[in-house]
Amino acid sequence: MEDSGSITEKVFSNGDAYVGSFKGILPHGKGKYTWSDGSVYDGCWEEGKMTGEGRLIWPSGASYEGDFSGGYLHGFGIFNGSDGSIYRGVWRMNTQHGIGRKQYQNSDVYDGCWKEGVREGSGRYAWSNGNMYIGNWKDGKMCGRGVMKWFDGDLFDGFWLNGLRHGSGCYRFADGSYYFGVWTKGLKDGLGMFYPAGSKHRFLRKTSDRHDQKRKKQLSHTSSTISESVKPKVNRSISERFSYSLLKGSGSISLRTTSQGEDVALDDSSRDMLACDSSSVLSQSSDDKSDFLETGSVAYEREYTQGVLIKERIINISRLSRKSKQRIKFHAKEVKRRSCVYFLEGRKSYYLMLNLQLGIRYSVGKITPVPIREVRQSDFGDQARIKMYFPRKGSQFTPSHHSIDFYWKDYCPMVFRYLRELFKLDAAEYMMSICGDDGLRELSSPGKSGSLFYLSRDDRFVIKTLKKSELKVLLKMLPDYYRHVKEHDNTLITKVFGLHRISLKRGKKVRFVVMGNMFCTELRIHRRYDLKGSSHGRFTKKDRIDEATTLKDLDLKYEFHMDKLLREALFKQLSLDCRFLESQNIIDYSLLLGLHFRAPENLISLLQPPDSQNNVETNPEHEGGIFQGELSIPPRGLILVTHEPSSVSTTPGPHIRGSTLRAMSVGDKEVDLLVPGTGRLRVQLGVNMPAQANQKLMQDEAASVQVELFEVYDVVLYLGIIDILQEYNMKKKLEHTYKSLQFDPMSVSVIEPKLYSKRFINFLEKVFPVEP
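Residues numbered from 1 in each chain as written. Predicted model: local features only at pLDDT ≥ 70, side-chain atom pairs only at ≥ 80, totals over all residues. Heavy atoms only, no water.

**Some thoughts on the side chain of T660**
- As for its position among the elements, T660 is in the loop between β37 (639–642) and β38 (662–663).
- Here T660 falls in the buried class, since its relative accessible area comes to 9%.
- In terms of polar contacts, T660 uses its side chain to reach the side chain of R682, at 3.1 Å.
- With near-sequence residues (within four places) excluded, T660 lies in contact with H643, E670, V671, R682, V683 and Q684. (Helix = DSSP H or I, 4+ residues; strand = E, 2+ residues; numbered from the N terminus. Buried < 20%, exposed > 50% of the residue type's maximum accessible area, 1.4 Å probe, protein only. Polar contact = N/O pair within 3.5 Å; in protein donor to acceptor, adjacent residues only side chain to side chain. Contact = heavy atoms within 4.5 Å.)

**A look at the pairing of strand β6 (residues 63–69)**
- In terms of burial, β6 is a largely internal element, 5 of the 7 residues being buried.
- Across 6 bridges, the pairing between strand β5 (residues 49–57) and β6 is antiparallel. When the bridges of β6 are listed, G54 appears paired with G66.
- Two strands pair when backbone bridges link them, and β6 and strand β7 (residues 72–80) are joined in this way by 6 bridges, in the antiparallel orientation. Residue pairing for β7: S63 is matched across the bridge by N80. (Pairing = 2+ DSSP bridges.)

**Considering the packing of helix α6 (residues 413–422) against helix α8 (residues 468–487)**
- Axis separation between α6 and α8 bottoms out at 11 Å; the angle between their running directions is 20 degrees. Compared by their axis directions, α6 and α8 come out roughly parallel. α8 is crossed by α6, and the crossing has left-handed handedness. Together, V415, F416, Y418, L419 and L422 of α6 and L478, Y481, Y482, V485 and K486 of α8 make up the contact between the two elements.
- A class-by-class count of the residues in the contact of α6 with α8 yields 9 nonpolar, no polar and 1 charged. (Axes fitted to C-alpha atoms, helices over the stretch in contact; angles between N-to-C directions. Parallel < 35°, antiparallel > 145°, perpendicular 65-115°, else oblique. Left-handed = near helix turned anticlockwise from the far one by under 90°. Nonpolar A, V, L, I, M, F, W, Y, C, P; charged D, E, K, R; others polar.)

**Description of the packing of aromatic side chains**
- Scanning the entire structure with this criterion turns up 50 aromatic pairs.
- Positioned above the aromatic ring of Y300 is the side chain of R302, whose terminal nitrogen or guanidinium carbon lies 5.8 Å from the ring centre.
- The side chain of R417 reaches across the aromatic face of Y418, ending 5.7 Å from its centre. (Phe/Tyr/Trp six-rings, centres within 6.5 Å; stacked < 30°, edge-to-face > 60°. Lys NZ or Arg CZ within 6 Å of the ring centre and 35° of its normal.)

**Things to note about α6**
- Most of α6 is tucked away: 8 of the 10 residues are buried.
- All buried positions along α6 are accounted for by P413, M414, V415, F416, R417, Y418, L419 and R420.
- Positive backbone phi, approximately 55 degrees, marks K424, located one or two places after α6.

**Observations regarding the environment of D563**
- For D563, the location among the structural elements is in the loop between β32 (558–561) and α9 (564–583).
- Of the residues examined, D563 reaches a relative accessible area of 14% and is grouped as buried.
- Between the C-alpha atoms of D563 and A663, which are 100 residues apart in sequence, the distance is 6.3 Å.
- Among the polar contacts listed, one links the side chain of D563 to the backbone nitrogen of L565, at a separation of 2.9 Å.
- In terms of polar contacts, D563 uses its side chain to reach the backbone amide nitrogen of S665, at 2.9 Å.

**Quick notes on the sheet that holds strand β34 (residues 590–598)**
- What the 6 strands build is an open sheet, ordered β31-β30-β34-β42-β41-β32; its pairing is mixed. On the outer flanks of this sheet lie β31 (550–551) and β32, each paired with one strand and no other.
- Sheet contacts for α9: β34, β41 (689–695) and β42 (712–722); angle to β42, the most-contacted strand, approximately 20 degrees.

**Describing the nonpolar core**
- Of all hydrophobic cores here, the largest spans 115 residues; its most connected members are F560, L717 and F768.
- Setting aside chain neighbours within four positions, we find L717 in contact with F560, M562, L593, G594, L595, G686, V687, N688, M689, A691 and F768.
- Grouped together as the second largest cluster of nonpolar side chains are 38 residues, L56, Y64, Y171 and F173 included. (Core = buried A, V, L, I, M, F, W, Y, C linked by side-chain atoms within 4.5 Å.)

**Digging into the pattern of salt bridges**
- Scanning the model with the defined rule gives 24 salt bridges in all.
- A salt bridge links R524 to D189; the nearest nitrogen and oxygen atoms lie 3.7 Å apart. You can see R524 sitting in the loop between β29 (509–516) and β30 (527–531) and its partner D189 sitting in the loop between β17 (187–188) and β18 (190–195), a full 335 residues away along the chain. Of the two residues, R524 and D189, neither departs from the other in class, the shared state being buried.
- One salt bridge connects R302 with E312, and the closest N-O pair in it is separated by 2.6 Å. In this pair, R302 is assigned in strand β21 (residues 298–305) and E312 in strand β22 (residues 308–316), connecting sequence segments 10 residues apart.
- Through salt bridges that share partners, R101, D111 and R124 make up one connected network. (Salt bridge = Lys/Arg side-chain N within 4 Å of Asp/Glu carboxyl O.)

**Some thoughts on unusual backbone geometry**
- Phi angles above zero are rare outside glycine, and D459 is one such case at about 70 degrees.
- If you trace the backbone, D459 turns up in the loop between β26 (453–455) and β27 (461–466).
- Residue class for D459 comes out partly exposed when judged on its relative accessible area of 26%.
- Phi at D588 is positive, roughly 70 degrees, even though this residue is not glycine.
- You can see D588 is positioned in the loop between β33 (586–587) and β34.
- By relative accessible area, D588 is classed as buried at 14%.

Structure below.
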């Protein structure tokens, strides 16, 4: 037996060799191990495992010098890839994890955070061609808030998703012009403001200065993060993963390598999408407009759909009212999402969010391990509730936390557990979505009830505050609701996942219901409508309408035509759901309708200002139209095809309802929806339903401020029944008042349940007319 500390040379039967110190039969201390394939490790060992500082060289020429632990690359180290790439930074279990710097073979450089071998967190990526991005990353792609500067001087400061601009942002062109707006998957989508070069508005200059200062700070901070560390810090994706194990039976050490593909810094398609947007080139249609540009007093309000400019309006800022200027100035502000719930004032809003997350995590965790059984009548009773006290210091049953003391009540936990299972919702995903670190975001309330709405971090769930009377209605109807959902998996009625109450000191009580967000979709929702079938006060003032506004009945200017079988399935389920609501004496509910428009891209040349047509090359293949001389045939923006389960995602979302629908246009077969540029989507009731929207033209166009450019659109519909907690008995006292005033039933919001549902269906039959 070799003594620890003595230098010994040993050759193993498989051809491996070791020179160094041993502890018993295991390498221990300093030593050099050479594998039969030519790999060499020279460094510290601890009982047969590489631990401490050392250097490892592979036959391919790749090498690592740095910290090891338990046979893994673990700590700080420098990796030189066989392709010429160099990574200096932190490792965890053979993977880049922490802060580091990587210089790629093509001379691109990334400085920043890594997670499990991919870029994740804050970081700076500099391309060899001079482009640079500073901001947040996720799964190796630009995701979150970030600034991208191109070598030609253009700059974008805003939100990103999967390497593409997605969300609000500001695009500054090299000539000094600006565009503030919204992007979807790299394309402009929605309303925005364009300010030409030379604009002399004070808030634009301040915005420009602020962007420059922030960018300088980010550059200096990111680079100093590397240099100020005790050791130069980490960078990412390694081309080889490896692990070591001691084969005790033979007394030899073996090297096992597994290949992990080298991460691509940014693929060609992403680079193309990040290129300058030619559609934002300043357009001029008259000499007068040029005069405006020289004075810097003009701006352009533009509206895009999927990258296509469909409207443009010239705004003379010097003549605007103070209120209008403030609205325009809003576009230049940085977009910030609230990360906590604002029910109460000050710090209490933050505490309330933590309380809600703690309570849901406790309730779901407590009920999930209970053995599966049938739902019983007692699961709906007054005693079917979980009550718990959460002191700040913790207790035998609750953890300590940083919020304030509170009491938690979870209503009918077993029932809601089974409802979540009926909706194919995984308990762990549910908790992670609502109880994750990013918290909740507050939404503006679309109604007059006074309820507040909040969105989970991944947009999958809506949390709504309830009045005590609404909570009682929901508990009363819960047994029948459970049976209805179980019998009709295509129901359009709101999905309910949980009902809770938080009690704070001094008797303050806040009640919550957790529901699925039907607008959590792959496609962008361009318009939202809350439809009741009433004309009484059902309109929105024009000065209050923006992209996020939920519009009402009188604001709807479209009729929707869809496949015959899709329409039949829709109205069959609407009748069943309305009959259920009638049985519960429920009134005043709505159809929440979301529209995704597909832009007819072959009409770009007709939509852009005259002078801009000379700057945009029209490619028939790229635009998707078939050109015949000066005329063009519009492309099919939406296509129904036979359903292929293996080709679409079967992961259920909180808005997904039931089975796949059948369509007459493909021979009475289940269908998927092909959306050019997006992919194949599963068509279900209320989800991914294709239709044609016919614009209702205004009779008096001369009095109209704006004239719509199109009459027919391809749209994708998302819809469901909401506001199901208004009971007839609560408003029965108003019945005599309405009758005495002799209101037309179609103009009244509150009537008896049977008449309400009949009026509701009649109205929707006009919105979705039968094909002639």
